[in-house]
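# What the coordinates show
For reference, the chains in residue letters:
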There are 2 protein chains.
Amino acid sequence: MRRFVADKAKSLFHLSRSFQRRPEPLNPLQSLLLTRFLSSTSIVDCPSPSPSSSTMDPPTPLTLHTINPKVLKCEYAVRGEVVTIAQRLQQELKDNPGSHPFDEILYCNIGNPQSLGQQPITFFREVLALCDHPSLLDKSETSGLFSADSIDRAWTILDQIPGRATGAYSHSQGIKGLRDAIAAGIEARDGFPSDPNDIFLTDGASPGVHMMMQLLIRSESDGILCPIPQYPLYSASIALHGGTLVPYYLDEATGWGLEISDLKKQLAAAKSKGLSVRALVVINPGNPTGQVLSEENQRQIVEFCKKEGLVLLADEVYQENVYVPDKQFHSFKKVVRSMGYGDEDIALVSFQSVSKGYYGECGKRGGYMEVTGFSADIKEQIYKVASVNLCSNISGQILASLVMNPPKVGDESYESYRGERDGILSSLARRAKTLEDALNSLEGVTCNKAEGAMYLFPRIRLPEKAIKAAEAANTAPDAFYCKRLLNATGVVVVPGSGFGQVPGTWHFRCTILPQEDKIPAVVSRLTEFHRGFMDEFRD
Amino acid sequence: MRRFVADKAKSLFHLSRSFQRRPEPLNPLQSLLLTRFLSSTSIVDCPSPSPSSSTMDPPTPLTLHTINPKVLKCEYAVRGEVVTIAQRLQQELKDNPGSHPFDEILYCNIGNPQSLGQQPITFFREVLALCDHPSLLDKSETSGLFSADSIDRAWTILDQIPGRATGAYSHSQGIKGLRDAIAAGIEARDGFPSDPNDIFLTDGASPGVHMMMQLLIRSESDGILCPIPQYPLYSASIALHGGTLVPYYLDEATGWGLEISDLKKQLAAAKSKGLSVRALVVINPGNPTGQVLSEENQRQIVEFCKKEGLVLLADEVYQENVYVPDKQFHSFKKVVRSMGYGDEDIALVSFQSVSKGYYGECGKRGGYMEVTGFSADIKEQIYKVASVNLCSNISGQILASLVMNPPKVGDESYESYRGERDGILSSLARRAKTLEDALNSLEGVTCNKAEGAMYLFPRIRLPEKAIKAAEAANTAPDAFYCKRLLNATGVVVVPGSGFGQVPGTWHFRCTILPQEDKIPAVVSRLTEFHRGFMDEFRD
């Protein structure tokens, strides 16, 4: 057998430089492999140094000036300063009840329904519990505790998991049988085929968005078209990946309309600046704006993306949250296919999550993205990035398959499931309307209808005296308002500046999620606060 | 009330340029806010363009040449080419039984115990099921199905979750009560205090590693010292974040020893190249190498990091996997504190996961990092990045608290828990020894002991004829060997080139995870294959 480099020649890189340590020159294959290994990742090519560490530079301390500036740039208002204050107040209330003019903090800053008392859908939780502890399925008592169809569904799911091992890493895209179920659910929703190999299961929608930004953004010269106002996941993710957010503006005066003319204008402007615009983000139903796009508007968006070669990133996590009878959710996949376009025409990614809808299972961190219109070699790259994190959590995967395939007519759980679902959705619609009306009754406040999603995004016209007071406090006027609101009422909302807004206009985002028995209190606290605020700062 | 910018003036950026659209010039506060919003993320500053889209460049198609080159560079061998072939073979076996000289694929490529039949710890799964479906706790049948202490534990955990809402997003670092429990577990392990505010719960260790790389890496000029061989999460994550891997070499001849002299030499060499080296990765117990560091060696590493101002990234996910009586796991946190060093002396991140140990709950995606020695403002930045993804999954969070606080003597589950735990660990030790002996008995193969972790990393001395055959097939010799092994036996192992190795040496990584009743078959298949391979290619 041929004698190779001695064990002691430990450095890969000394080979190419310090020949005295290498008994034989590299053969062609070794050279090839060395080149490959060096090119596959940036690896420093170390010469044989004189190890005189005394001549080294002093260590660079880790400070805000020496961390990745992209991290520093990134902002995420949904859990920003106002929420930090709220957490402090909550602790103060706990340590010292009665220390504030309210007895609880109402977190209306974030779409987190179960944190405000929404109950999970029983069927979903039954299936999850059985899959978490499958030996329950062998016990006779179980049939008295669980519905028959939850037991059936748990068996079906376990049979789809190799070795029934719910504690094993799955395929990097998610368990194949669950992807089959999700694809079937998409087909039932859209009336067009869905390929389970296009589905990537994710720990909620956010990691999917990050993955796509990572794929698309090469440098600050790459732009992503995003709505303003937008959900700050997008600005944060673009900042973290070092790209440039290209804003397009939703028109508040027309119920947060999305105008193709503005898209075109912003794209042209970005291109004239030398940007390469790679993708368009559409959030439908809108966050923070709550509008539901018409099918006609969606067709225009598809044509625009097709013509401009943009990847369409469709945030469709609120697809089950539509509250007005004259609007309906249409997936972009369905719109694209109904226009006769196939994989070769347009690259489309649809994001879905178990956190929203009527289920609101935020803590489970489940979701998927359906990736269509990408070439096989690009999909391999997405697969590779997914593989580095191995897989998304299996409970979240199971739940994603359940929300896309809930109980059907005739299943034992169907009636209770339907009751829970419809109860939540109709209550959300009532809450949206009550809060919208209450906001519109306030002096200087106008609020568009929440057609869908979980938020209202009222505009507040602040008196100049309030703006000056905010200025003196070195705070944005909307943040000033929101902090005052929190300190007076315990209600947590997010300043509009965290989402982007036309300058000189001020908004806040408020969820519609407090339980119905709390809504009157929210309305009266908000109304009373606002009246006092306006009186205090009236010009 | 002051009249503001008209609703129709939609572009943030027109403000600064197209004065005709803005009724009034910006006041100082508006200017300040505009500047802040523009600097918080890169947002293109759009002038008023002539919307002549006909003059635009044609769209750039999405190809391998136009995606983020960092994604292209990233490699992750643990789920690389050999695994893709294995998945194809598995499908072929399913579609056409008898089509290969084996009847199942044995995935020894990845530390995924439950995929190979390891059973979960009953107590952990009982608690998870109860937390998934808390209404079980109100039913009388439940006490017949669940152990008393699992019921108690579920109540304790639910009481720690605001509103008992296991379906709600938690605090971005994880549920405070669970972090308290984890901190208590760390204190019990180390004998030194742990602060729950230093704990960040994560979806497994990988997202924690990514988060730290994202924080530390600014550009290719930033280096991270990593062992070679290394777990490819590190090379992949450094590639994705655009940094440079600075290798240091573990010495195979001394059982994969970590020599400070090599660390010093590689650091000096990297610095002489102009790199700013920011952190040192240590994997203990080692992956893929299986060695367990001595406390003395760990002290040297700590001194080195302290002197050089390096962040110590301690991958301690195999802390429960030690198989030899003369070695013991010591956390770096304990070593640092026992040397009298505090937060002001050294920045240390310890990564732990629910995927490894005796629990092997890979699919649950739970874990944490304990972040010590960072200033408050840097920790705020880590918190912000964690917030962008909202929180890790709650089941994984609960499980992380359980593995750090398993049943205690006197608890109803203690005996069964101890039996399951010890059974798994002693079986792993036997499997490691059997496979190590079998590998060492093969011609041209030497294999260090697996003192810990879940892998063996044998060196194979390949005949020149085999190397030439690999060259002809445009394949690395170790990958050539592994693919032949897979095609002949169905056993999946990972070529050493995926982890890094001294050039001209060839290895593969093989887990010790097949169940004990399968080990004889693995050994005989491997032995028979190796004999045939050597005969075929003997010089």
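Everything numeric in this text was worked out from a predicted model, so none of it was measured.

### Re the overall build of chain A
Each helix and strand counted, chain A has 19 helices and 14 strands in total. In chain A, the share of contacts with a sequence separation of at least 24, taken over all contacts with a separation of at least 6, comes to 71%.

### Concerning the environment of glutamine 328 of chain B
Residues and elements named next belong to chain B. You can see glutamine 328 is positioned in the loop between β6 (311-315) and α13 (332-338). You can call glutamine 328 exposed: its relative accessible area is 53%. Between the C-alpha atom of glutamine 328 and that of glutamate 295, which follows or precedes it by 33 residues, the distance is 8.7 Å. Discounting chain neighbours no more than four positions away, the residues touching glutamine 328 are Val292, Leu293 and Val322.

### Considering the confidence of the model for chain A
Residues and elements named next belong to chain A. Averaged over every residue, the pLDDT of chain A is 89; residues scoring 70 or more account for 89%. Low pLDDT, under 50, characterises residues 1-39; the predicted model gives this stretch 89 contacts beyond four residues in sequence or across chains. Throughout residues 46-56 the model reports pLDDT below 50, and contacts reaching past four residues in sequence, or to other chains, amount to 19 contacts.

### Focus: the packing of aromatic side chains
All names here are of chain A. Under the definition given, this model contains 34 aromatic pairs over all chains. When the centroid spacing of 5.7 Å and the interplanar angle of 85 degrees are considered together, the rings of tyrosine 318 and tyrosine 455 count as edge-to-face. With tyrosine 318 in the loop between β6 (311-315) and α13 (332-338) and tyrosine 455 in strand β10 (residues 455-456), this pair connects stretches of sequence that are 137 residues apart. In this structure, tyrosine 318 and tyrosine 455 share a single accessibility class: buried. When the ring centre of tyrosine 455 is taken as origin, the NZ or CZ atom of arginine 509, which lies over that ring, is 3.8 Å away.

### Considering empty space enclosed by the protein
Scanning the model with the defined rule gives 12 cavities of 30 Å³ or more in all. Roughly 790 Å³ of internal volume is contained in the largest cavity. Together, 38 residues line the largest cavity, and Pro207, His210 and Asn389 of chain A together with Pro207 and Asn389 of chain B are the ones closest to its centre. Secondary structure elements with two or more residues in the lining of the largest cavity: β2 (199-202), α9 (205-216) and α14 (376-388) of chain A together with β2 (199-202), α9 (205-216) and α14 (376-388) of chain B. Counting residues per element, the lining of the largest cavity draws most heavily on α9 of chain A, at 5 residues.

### Some points on the side chain of glutamine 319 of chain A
All names here are of chain A. Note on placement: glutamine 319 falls in the loop between β6 and α13. With a relative accessible area of 9%, glutamine 319 lands in the buried category. Polar side-chain contacts of glutamine 319 include one of 2.8 Å to the side chain of arginine 189. Apart from the residues within four sequence positions on either side, glutamine 319 is in contact with Arg189, Pro285, Phe329, Gln352 and Met404.

### Section: the pattern of salt bridges
Once their charged atoms are close, side chains differing in charge can pair, the charge on each being opposite to the other. Within the structure shown, the criterion is met by 52 salt bridges over all chains. Across the pair aspartate 422 of chain A and arginine 421 of chain A runs a salt bridge whose closest N-O atoms are separated by 2.9 Å. One salt bridge connects lysine 271 of chain B with glutamate 308 of chain B, and the closest N-O pair in it is separated by 3.6 Å. You can see lysine 271 of chain B sitting in helix α11 (residues 260-272) and its partner glutamate 308 of chain B sitting in helix α12 (residues 295-308), a full 37 residues away along the chain. For glutamate 308 of chain B, a relative accessible area of 8% puts it in the buried group. Linked through salt bridges whose partners overlap, the residues forming this network are Glu295, Glu296 and Arg299 of chain A.

### With respect to unusual backbone geometry
When glycine is set aside, most residues are seen to have a negative phi, and most peptide bonds are trans. Looking along the chain, the bond that leaves isoleucine 228 of chain A and enters proline 229 of chain A is cis, with omega of 0 degrees. Tracing the sequence through the fold places proline 229 of chain A in the loop between β3 (222-228) and α10 (233-240). Here the residue pair asparagine 284 of chain B and proline 285 of chain B is connected by a cis peptide bond, since its omega of -10 degrees sits within 30 degrees of zero. Within the secondary structure layout, proline 285 of chain B lies in the loop between β5 (276-283) and α12. In this structure, arginine 365 of chain A is a non-glycine residue whose phi angle is positive, near 50 degrees. Locating arginine 365 of chain A in the fold gives a position in the loop between β7 (348-353) and β8 (367-372). By relative accessible area, arginine 365 of chain A is classed as buried at 2%. Phi at asparagine 474 of chain B takes a positive value of approximately 55 degrees, unusual for a residue other than glycine.

### Let's talk about the nonpolar core
Leu280 of chain A together with Leu280 of chain B are the most contacted members of the largest nonpolar core, which totals 344 residues. Leave out the neighbours within four places in its chain, and leucine 280 of chain B touches Leu225, Tyr248, Leu263, Ile301, Phe304, Cys305, Leu310, Val311, Leu312 and Leu313 of chain B.

### Some remarks on the sheet that holds β6 of chain B
Residue and element names in this part refer to chain B. Spatially, the 7 strands line up as an open sheet ordered β2-β8-β7-β6-β5-β3-β4, and their pairing is mixed. Edge positions in the sheet fall to β2 and β4 (244-249), since each of these pairs with one other strand and no more. Adjacent strand axes in the sheet meet at a mean angle of 20 degrees, parallel and antiparallel pairs treated alike. Both β2 and strand β8 (residues 367-372) contribute to a ladder of 4 bridges, which runs antiparallel. Across the sheet, residue threonine 202 finds its bridge partner in β8, namely glycine 367. Contacts from helix α8 (residues 176-190) reach β2 and β8 within the one sheet, and its direction differs from that of β2 by about 110 degrees.

### Brief notes about the packing of α9 of chain B against helix α10 (residues 233-240) of chain B
All names here are of chain B. Where α9 contacts α10, the axes come no closer than 10 Å and their chain directions differ by 40 degrees. Taken together, α9 and α10 sit at an angle that is classed as oblique. In this structure, α9 meets α10 at a crossing whose hand is right-handed. Only Leu233, Tyr234, Ser237, Ile238 and Leu240 of α10 make contact with α9, whose side of the interface consists of Ser206, Val209, His210 and Met213. Residue composition of the contact of α9 with α10, grouped by class: 6 nonpolar, 3 polar and no charged.

### Describing α9 of chain B
Side chains three or four residues apart in an α-helix point the same way, a direct result of the helix having 3.6 residues per turn. Residues and elements named next belong to chain B. The first and last C-alpha atoms of α9 sit 17 Å apart over 12 residues, in line with the 16 Å expected at 1.5 Å per residue. Most of α9 is tucked away: 11 of the 12 residues are buried. Taken residue by residue, α9 has Ala205, Ser206, Gly208, Val209, His210, Met211, Met212, Met213, Gln214, Leu215 and Leu216 as its buried positions.

### A closer look at the packing of helix α8 (residues 176-190) of chain A against helix α15 (residues 394-403) of chain A
Residue and element names in this part refer to chain A. Packing of α8 against α15 brings their axes to within 8 Å, and their N-to-C directions diverge by 25 degrees. Here α15 runs roughly parallel to α8, going by the angle between their axes. The element α8 and its partner α15 pack so that their crossing is left-handed. Residues Leu178, Ala181 and Ile182 of α8 form the contact with α15, whose own contacting residues are Gln397, Ile398, Ala400 and Ser401. Here the residues of the contact of α8 with α15 are counted per class, giving 5 nonpolar, 2 polar and no charged.

Calculation rules
- Residues numbered from 1 in each chain as written.
- Chains lettered and ligands numbered in written order.
- Predicted model: local features only at pLDDT ≥ 70, side-chain atom pairs only at ≥ 80, totals over all residues.
- Heavy atoms only, no water.
- Helix = DSSP H or I, 4+ residues; strand = E, 2+ residues; numbered from the N terminus.
- Contact = heavy atoms within 4.5 Å.
- Buried < 20%, exposed > 50% of the residue type's maximum accessible area, 1.4 Å probe, protein only.
- pLDDT = per-residue confidence, 0-100.
- Phe/Tyr/Trp six-rings, centres within 6.5 Å; stacked < 30°, edge-to-face > 60°.
- Lys NZ or Arg CZ within 6 Å of the ring centre and 35° of its normal.
- 1 Å grid on protein atoms, 1.4 Å probe; cavity = no way out; pocket = protein on both sides within 12 Å on 5 of 7 lines; lining within 4 Å.
- Points joined across faces, edges and corners; volume = space filled by probe spheres on them.
- Polar contact = N/O pair within 3.5 Å; in protein donor to acceptor, adjacent residues only side chain to side chain.
- Salt bridge = Lys/Arg side-chain N within 4 Å of Asp/Glu carboxyl O.
- Core = buried A, V, L, I, M, F, W, Y, C linked by side-chain atoms within 4.5 Å.
- Pairing = 2+ DSSP bridges.
- Axes fitted to C-alpha atoms, helices over the stretch in contact; angles between N-to-C directions.
- Parallel < 35°, antiparallel > 145°, perpendicular 65-115°, else oblique.
- Left-handed = near helix turned anticlockwise from the far one by under 90°.
- Nonpolar A, V, L, I, M, F, W, Y, C, P; charged D, E, K, R; others polar.
- Expected span 1.5 Å × (residues − 1).

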